[in-house]
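Overview (structure and organization)
Listed below, chain by chain, are the residues.
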Amino acid sequence: MMKKESSDAVDVPRNGHLVIVGGHENRKCDMVILDRFVALAGGPASTIFVLTTASSKHEEMWGIYKKAFTRLGVRHLMTANIKTREDAGDEATAARVFEADGIFMTGGDQKRLMALIGGTRIDHAMHRALRERGACIGGTSAGASAMSEHMLFDGSKDLLPQKGSVRLGAGLGLVRRVIIDQHFSERQRLGRLLSAVAQNPYLLGAGIDENTALIVRPGHGVEVIGDGAVTLIDGREMLSNFTEVKSRETIELADVRLHLLPAGVGHDLASFTHAEDTAGHVASLSPGLGEAVAAVSSWSGMHREAVERKKIGELS
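Residues numbered from 1 in each chain as written. Predicted model: local features only at pLDDT ≥ 70, side-chain atom pairs only at ≥ 80, totals over all residues. Heavy atoms only, no water.

1. Quick word on the overall build of the protein chain
Across its full length, the protein chain carries ten helices and 17 strands. Across the protein chain, the fraction of contacts at a sequence separation of at least 24, relative to all contacts at a separation of at least 6, is 75%. Summing over all exposed atoms, the protein chain offers an accessible surface of approximately 14000 Å²; the carbon and sulfur share of this is 51%. (Helix = DSSP H or I, 4+ residues; strand = E, 2+ residues; numbered from the N terminus. Contact = heavy atoms within 4.5 Å. Areas by Shrake-Rupley, 256 points an atom, 1.4 Å probe, with all protein chains shown as cover.)

Below, the structure is given as structure tokens:
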């Protein structure tokens, strides 16, 4: 039985959100994640743009999400078959992306997604839509990985962290200091995310389970919804022998912080308290977790704006 539509009943302020999905979100019955994405975009009356570029099967992916969003009551749906960087540079298409209330990136291959839209008008339109219009941007699987500034696009299936076993590339930069991995528990990707953090200790690792979403309100806080959990790995104070071991050797890691955020948990940085969970419980954030949540909810757009304000101040 399909979940009762709740998007009409939810009054959510349009302040800009990211809905980062670990893949295989339910698109047929109890569509908790997609329903929340619609609510954050403004409800069924909003305009949703489905970006299928990560996949080479545009019509198939468009059909899947068109059906799912239609079942949730969305009446204004858009897409574009972006096959080249010229397509991604089209002004009319970029204008449609900017004007959308919600932009949802499907799964596929994050390398393909970035090769086609990275640095193009569509890329800039998504940043502007989030920053200037308070749009909601979602991505699942490959679309989730591409949201980070440093994108994980390849890694071994080894269960233990190994030197040189992962590769990072440039992502969209919707979140700054996080490496996002998806299908996390289901594909046993703790080892490869630890490898990525060992190679880049400044960056936090965020492993998102299937049918699970990390919701980020940039600069304000995070929430987890769905069936699974989000695993945060903080290696900023860790010790490792990364520089000493040879390629493909197992890395020794000490003092790595790991935070597990199950579905139903939310953290608000403004009050620095644990938001009420489904049982109505409230608890204080630990300093370590607070720092991790602050890092996850930081956003490159805000960083750029701060730099510009500093420059203006120096010139005045």
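Having seen the model, we can carry on.
2. Structural notes on unusual backbone geometry
In the Ramachandran plot, His-24 falls in the positive-phi region, its phi being about 55° despite a non-glycine side chain. In this fold, His-24 is placed in the loop between β1 (17-21) and α1 (32-41).

3. Thoughts on the nonpolar core
Ile-20, Leu-51, Met-126, Ile-137 and Leu-214 are the most contacted members of the largest nonpolar core, which has 52 residues in total. Each residue touching Leu-214, except ones within four places of it in the same chain, is listed here: Leu-18, Val-19, Ile-20, Ile-208, Val-222, Glu-223, Val-224, Val-230 and Val-296. Among the nonpolar cores identified, the runner-up in size contains 23 residues, and Phe-37, Ala-41, Cys-136 and Ile-225 belong to it. (Core = buried A, V, L, I, M, F, W, Y, C linked by side-chain atoms within 4.5 Å. Buried < 20%, exposed > 50% of the residue type's maximum accessible area, 1.4 Å probe, protein only.)

4. Some details on the sheet that holds strand β15 (residues 257-262)
Working definition: the strands of a sheet are paired by backbone hydrogen bonds and lie parallel or antiparallel to each other. Strand order across the open sheet formed by four strands is β8-β9-β12-β15, with mixed pairing between neighbours. One side of each edge strand has no neighbouring strand; the edge strands of this open sheet are β8 (178-182) and β15. Averaged over all pairs of adjacent strands, the angle between their axes in this sheet comes to 20°, without regard to strand direction. Contacts from helix α9 (residues 287-296) reach β8, β9 (204-208), β12 (229-234) and β15, with the element oriented near 75° to β15. (Pairing = 2+ DSSP bridges. Axes fitted to C-alpha atoms, helices over the stretch in contact; angles between N-to-C directions.)

5. Brief notes about helix α8 (residues 190-199)
Across the ten residues that make up α8, a large majority, eight, are buried. Of the residues making up α8, those classed as buried are Gly-191, Arg-192, Leu-193, Leu-194, Ser-195, Ala-196, Val-197 and Ala-198. Buried residues belonging to α8 abut β6 (150-155), β7 (166-170), β8, β9, β12 and β14 (253-254).

6. Notes on the packing of α1 against helix α2 (residues 58-71)
At their nearest, the axes of α1 and α2 sit 10 Å apart, and the two run at 70° to each other. On the basis of the axis angle, α1 is roughly perpendicular to α2. Touching Leu-34, Phe-37 and Val-38 of α1 are Tyr-65, Ala-68 and Phe-69, all from α2. Partitioned by chemical class, the residues of the contact of α1 with α2 number six nonpolar, no polar and no charged. (Parallel < 35°, antiparallel > 145°, perpendicular 65-115°, else oblique. Nonpolar A, V, L, I, M, F, W, Y, C, P; charged D, E, K, R; others polar.)

7. Some points on the pattern of salt bridges
A side chain of one charge can pair with a side chain of the opposite charge if their charged atoms are brought near each other. On inspection of all chains with the given rule, the structure shows 13 salt bridges. With its nearest N and O atoms 4.0 Å apart, the salt bridge here joins Arg-236 to Glu-291. With a gap of 55 residues between them, Arg-236 in the loop between β12 and β13 (239-240) and Glu-291 in helix α9 connect regions that are remote in the sequence. Residue class for Glu-291 comes out partly exposed when judged on its relative accessible area of 40%. Among the charged side chains, a salt-bridge network with shared partners connects Arg-128, Arg-131 and Glu-132. (Salt bridge = Lys/Arg side-chain N within 4 Å of Asp/Glu carboxyl O.)

8. Quick word on the packing of aromatic side chains
What the rule picks out here adds up to five aromatic pairs. Through pairs of rings, three or more aromatic residues link up here, namely Phe-37, Tyr-65, Phe-69 and Phe-104. In this arrangement the basic side chain of Arg-133 is found over the ring face of Phe-98, its NZ or CZ atom lying 5.8 Å from the centre. Sitting over the ring of Tyr-202, Arg-177 keeps its end group 4.2 Å from the ring centre. (Phe/Tyr/Trp six-rings, centres within 6.5 Å; stacked < 30°, edge-to-face > 60°. Lys NZ or Arg CZ within 6 Å of the ring centre and 35° of its normal.)

9. Some remarks on the environment of Thr-140
By the element assignment, Thr-140 lies in strand β5 (residues 136-140). Taking the C-alpha atoms as reference points, Thr-140 and Gln-182, separated by 42 residues in sequence, lie 8.2 Å from one another. Residues within four places of Thr-140 in sequence aside, it is in contact with Val-21, Gly-23, His-24, Glu-25, Tyr-65, Phe-104, Met-105, Thr-106 and Gly-107.

10. Focus: the environment of His-58
Along the chain, His-58 turns up in helix α2. Sequence-distant contacts of His-58, that is, excluding residues within four places in its chain, are made with Thr-52, Thr-79, Ala-80 and Asn-81.

11. Side note on a nonpolar patch on the surface
There is a patch of nonpolar side chains on the surface, built from Leu-190, Leu-258 and Leu-260 and spanning about 290 Å² of accessible area. By the secondary structure assignment, Leu-260 is in strand β15. (Patch = residues over 30% accessible without salt bridge, like charges linked within 9 Å, V, L, I, M, F, W, Y side chains within 5 Å.)

12. A word on helix α6 (residues 121-133)
Burial in α6 covers these residues: Ile-122, Asp-123, Ala-125, Met-126, His-127, Ala-129 and Leu-130. Once α6 ends, the next one or two residues include Gly-134, with phi positive near 70°.

13. As for the side chain of Ser-55
Structurally, Ser-55 can be placed in the loop between β2 (47-51) and α2. In terms of polar contacts, Ser-55 uses its side chain to reach the backbone amide nitrogen of Lys-57, at 3.0 Å. Those residues in contact with Ser-55, other than ones at most four positions away along the chain, are Met-61, Gly-107, Gly-108 and Arg-112. (Polar contact = N/O pair within 3.5 Å; in protein donor to acceptor, adjacent residues only side chain to side chain.)

By themselves these figures say nothing about function.
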